[in-house]
Amino acid sequence: MDIPINIVKSRASEALIKAVISLVSIKSPEEVAEMEKAVNITRAMHLAAMRRARPGILEAELAGIVEGIALAADGQLSYPAILTVNGQTLHNHYHGNTLKEGQLVLGDFGAETPTHYAGDITRTFPVSKSFNTRQKEIYKIVLDTEVACIEALKPGIPYRDVHLYAARMITEGLKALGIMKGDTEEAVQAGAHALFFPHGLGHMIGMDVHDMEGLGEDHVGYGDEMERSSQFGLKSLRLARTLMPGFVLTVEPGIYFIPELIGQWQEERKHWEFINYEKAQQYRDFSGVRIEDNVLITETGHQILGQPIPKTIQEVEAVRQG
Ligand code: GLY
Ligand code: MN
Ligand code: MN
């Protein structure tokens, strides 16, 4: 068939795309074993970053150590590493900052095995040997949210519900600190939490870190089941559909204080009934916290892939104090 190259994509068979997605979404035991390998290499990378961080070194030094471990395992990075003291800037690949006492390092990176299966893990840790009180308070909200969302995973529940559950937990946590206010359900419905949690809870992962994205994000994450929202925050949710045994996905809630966005919303008086801007402004220099794991949906529930990676405040501080 003579189809000009510039319209090939628009002429692709939707039936074929859907068939490929339904096959590739369900990972075989052999694929899961490969993905566990990817997560275990990724674990070594995160442990190395946590152990080697200290005031006075460049983010780039840690990024080099991390990438070296992926290469030494005969793999490579599964996406360009995020390793930054400015975790509030999403997809921040700048590595030129020098670590300082009191800062947080957000590391979001993973290894790809020689067979190209990907790991995608995030940890956030203090440059100092322990978290300060304010960091602990925010970290605890993200950690509790991540753990509760993973606990909720099983076949038959739409991932969008889990995302909204995360949004409610983050809202509740921020309300307890006086940063948000008002009715939690109404705040989440309105999308007010997205000032602090502007991205989706997770995505499918496999041979691509955002699995099968080339076939169309909506086909992969929404299918015929639901429409993607146009609301700020919720529109960034890559996976929303009902979970099935064999799916492997990420769970990655976060809380970020983005000074420019706080300032802009405050000026617009946006969601003022749910956000205590005066309090939020006090966190302008906080940066961000994200925690991410890779999880298999089983017949009855879920299984976190790979060996555990330090995640509680105690575990992370123990590594930092080495
Ligand atoms: N590192 C990309 C992601 O977490 O989706
Ligand atoms: Mn990630
Ligand atoms: Mn991810």
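Quick caveat: nothing in here was measured; it's all calculated off a predicted structure.

Moving on, we get to the pairing of strand β9 (residues 293-297). Among the five residues in β9, five count as buried, and that is most of the element. Of the two faces of β9, the one holding Asp 293, Val 295 and Ile 297 and the one holding Asn 294 and Leu 296 are both buried throughout. As judged from the four bridges shared by strand β6 (residues 248-251) and β9, these two strands associate in the antiparallel manner. Across the sheet, Thr 250 pairs through a bridge with Asn 294, a residue of β9. The sheet contact formed by β9 and strand β10 (residues 302-304) spans three bridges and is antiparallel. The partner of Val 295 across the bridge, within β10, is Ile 304. Hairpin connection of β9 to β10: four residues between the antiparallel strands.

A metal bound by six donors in octahedral fashion has ideal angles of 90 or 180 degrees, whereas one bound by four tetrahedral donors has an ideal angle of 109.5 degrees. All of the protein donors around the manganese ion (ligand 2) are Asp 108 (OD), Asp 108 (OD), Asp 120 (OD) and Glu 292 (OE); their distances to the metal are 2.0 to 2.5 Å. Classification of the site at the manganese ion (ligand 2) as irregular follows from its six donor atoms and the range of 55 to 169° in their angles at the metal. Coordination of the manganese ion (ligand 2) draws on donor residues from a single chain, spaced D-x11-D-x171-E in sequence. A gap of 3.2 Å separates the manganese ion (ligand 2) and the manganese ion (ligand 3), which Asp 120 links by coordinating each metal. Of the two residues, Asp 108 sits in strand β3 (residues 104-109) while Asp 120 sits in the loop between β4 (111-112) and β5 (121-126), which places them 12 residues apart along the sequence. Overall, the relative accessible area of 5% leaves Asp 108 in the buried class. Residue Asp 120 is classed as buried on the basis of its relative accessible area, which comes to 3%.

Moving on, we come to the coordination of the manganese ion (ligand 3). Protein-derived ligands of the manganese ion (ligand 3) are Asp 120 (OD), His 203 (NE2), Glu 252 (OE) and Glu 292 (OE), with the metal-ligand distances lying across 2.1 to 2.2 Å. Considering all six donor atoms around the manganese ion (ligand 3), angles at the metal cover 51 to 158° and the coordination shape is irregular. Donor residues binding the manganese ion (ligand 3) come from one chain and are separated in sequence as D-x82-H-x48-E-x39-E.

This next bit is on the sheet that holds β3. Working definition: the strands of a sheet are paired by backbone hydrogen bonds and lie parallel or antiparallel to each other. Spatially, the three strands line up as an open sheet ordered β2-β3-β5, and their pairing is antiparallel. Each edge of the sheet is formed by a strand with only one pairing partner; in this case those strands are β2 (82-84) and β5. Going across the sheet, the axis of each strand differs from the next one's by a mean of 10°, ignoring polarity. Both β3 and β5 contribute to a ladder of six bridges, which runs antiparallel. Within β5, the residue paired with Asp 108 across the bridge is Thr 122.

What counts and how
Within each chain, residues carry numbers counting from 1 in the order of the written sequence. Each chain is given a letter, starting from A, and each ligand a number, starting from 1, according to the order in which they appear as written. Only residues with pLDDT of 70 or above have their local features reported here, since the model is predicted, and side-chain atom pairs are shown and tallied only from 80 upward, although totals for entire chains, interfaces and linings are computed over all residues. Only hydrogens and water are set aside when side-chain values are computed; all heavy atoms of the structure are taken into account. Burial here depends on accessible area, computed with a 1.4 Å probe over protein chains only, as a share of the maximum for the residue type. Under 20% is buried, over 50% is exposed, and the range in between is partly exposed. Comment: elements are numbered from the N terminus, with helices defined as DSSP H or I runs of at least four residues and strands as E runs of at least two. Strands are labelled as partners when DSSP assigns at least two bridges between them. Metal coordination here is assigned from N, O and S atoms located within 2.8 Å of the ion, or within 3.2 Å for Na, K and Ca; omission of water means that sites may look incomplete. For a four-donor site, all angles between 85 and 135 degrees give tetrahedral; for four or six donors, opposite pairs above 155 degrees with the remaining angles between 65 and 115 give square planar or octahedral; all remaining cases count as irregular. Orientation is described by axes fitted as lines to C-alpha atoms, over the contacting stretch for helices, and by angles from 0 to 180 degrees between their N-to-C directions.

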